[in-house]
Structure formats: structure tokens, C-alpha cells
Amino acid sequence: MDELAYRLGDMWIKLGNRLKVNDAVLSFLQTNDHLYPDFSAKAREMLRKWESSVGDSATYQVLYDALCHQHVGGKDLAQKICCH
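Just so it is clear, the structure is predicted and the values come from calculations on it, not from any experiment.

Enquirer: Pulling in residues and values, what's your account of the environment of Ala78?
Expert: Mapping Ala78 onto the fold places it in helix H6 (residues 75–82). For Ala78, a relative accessible area of 0% translates into the label buried. Not counting the four nearest positions on each side in its chain, Ala78 is found in contact with Tyr64, Leu67, Cys68 and Cys83.

Written out as C-alpha cells, the structure reads:
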């Protein structure tokens, strides 16, 4: 997940929306630069929140599908991270 978090860049919030991470969590991560100073820190915490909220349903297939969604636009990243 660390590599994904690093590579997401500003796509992290779109991915969070597709993964149905709570809007309050996304807003908190987005506005607290002193706790999460860059995109990768925000993305890493968003992914942790997603995993903890859905448990065993946090699969590579779900992540792949969310990354490939047209509003996220991370198909290349999905293939690199989820398929290897």
C-alpha cells in the first residue's frame, strides 16, 4: 500500500470517494497538513481507514475496480499495483 500511496498523488481523494471512505475522514485528511503534509501521507491514511472500515472486503479487486473508474483515472496504476 505504501507504493500505491506514493504514486496516487492528488488522485487519492477521488479514490477515497470511489472506495466510499467517509466524507468527514477525507475532509479531515485534506485539511490537516500538519498531520498529513503531502499527498502520500494523506493517501496512506485514507487507505488505512478504508481497510479498517471494510475489513476482509478490502481486496485488490475492489481497489483495482476503484482505480480503473473513469472518475479516478488510475488504470495504469491499478495494473501495476494490483496485478503484480
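Picking up where we left off.
Enquirer: Give a detailed account of the pattern of salt bridges, specifying residues and quantitative values.
Expert: Taken as a whole and assessed by the stated rule, the structure comprises 5 salt bridges. Two residues, Glu3 and Arg7, come together in a salt bridge whose shortest N-O distance is 2.9 Å. Highlighted residues: Glu3 and Arg7, both in helix H1 (residues 2–8), separated by 4 residues, approximately one helical turn. The exposure class of Glu3 is partly exposed, given its relative accessible area of 41%. Residue Arg48 is joined to Glu45 by a salt bridge in which the shortest nitrogen-to-oxygen separation is 3.5 Å. With Arg48 and Glu45 both in helix H4 (residues 39–54) and 3 residues apart, the pair spans about one turn of that helix. Overlapping salt bridges, with partners in common, bring together Glu45, Arg48 and Lys49 in one network.

Enquirer: Let's hear about the packing of aromatic side chains: which residues, and what values?
Expert: Taken as a whole, this structure holds 1 aromatic pair when the rule is applied. For the pair Phe28 and Tyr36, a centre-to-centre distance of 6.4 Å together with 75° between the ring planes defines the contact as edge-to-face.

Enquirer: Any chance you could break down the nonpolar core for me, citing the residues and the numbers?
Expert: Leu8, Leu15, Leu19, Met46, Leu47, Leu63 and Leu67 are the most contacted members of the largest nonpolar core, which totals 24 residues. Contributions of two or more residues to this core are made by H1, helix H2 (12–18), helix H3 (23–31), H4, helix H5 (60–68) and H6. With near-sequence residues (within four places) excluded, Leu19 lies in contact with Met46, Leu47, Trp50, Val62, Leu63 and Ala66.

About the criteria used
Residues numbered from 1 in each chain as written. Predicted model: local features only at pLDDT ≥ 70, side-chain atom pairs only at ≥ 80, totals over all residues. Heavy atoms only, no water. Helix = DSSP H or I, 4+ residues; strand = E, 2+ residues; numbered from the N terminus. Buried < 20%, exposed > 50% of the residue type's maximum accessible area, 1.4 Å probe, protein only. Contact = heavy atoms within 4.5 Å. Salt bridge = Lys/Arg side-chain N within 4 Å of Asp/Glu carboxyl O. Phe/Tyr/Trp six-rings, centres within 6.5 Å; stacked < 30°, edge-to-face > 60°. Core = buried A, V, L, I, M, F, W, Y, C linked by side-chain atoms within 4.5 Å.

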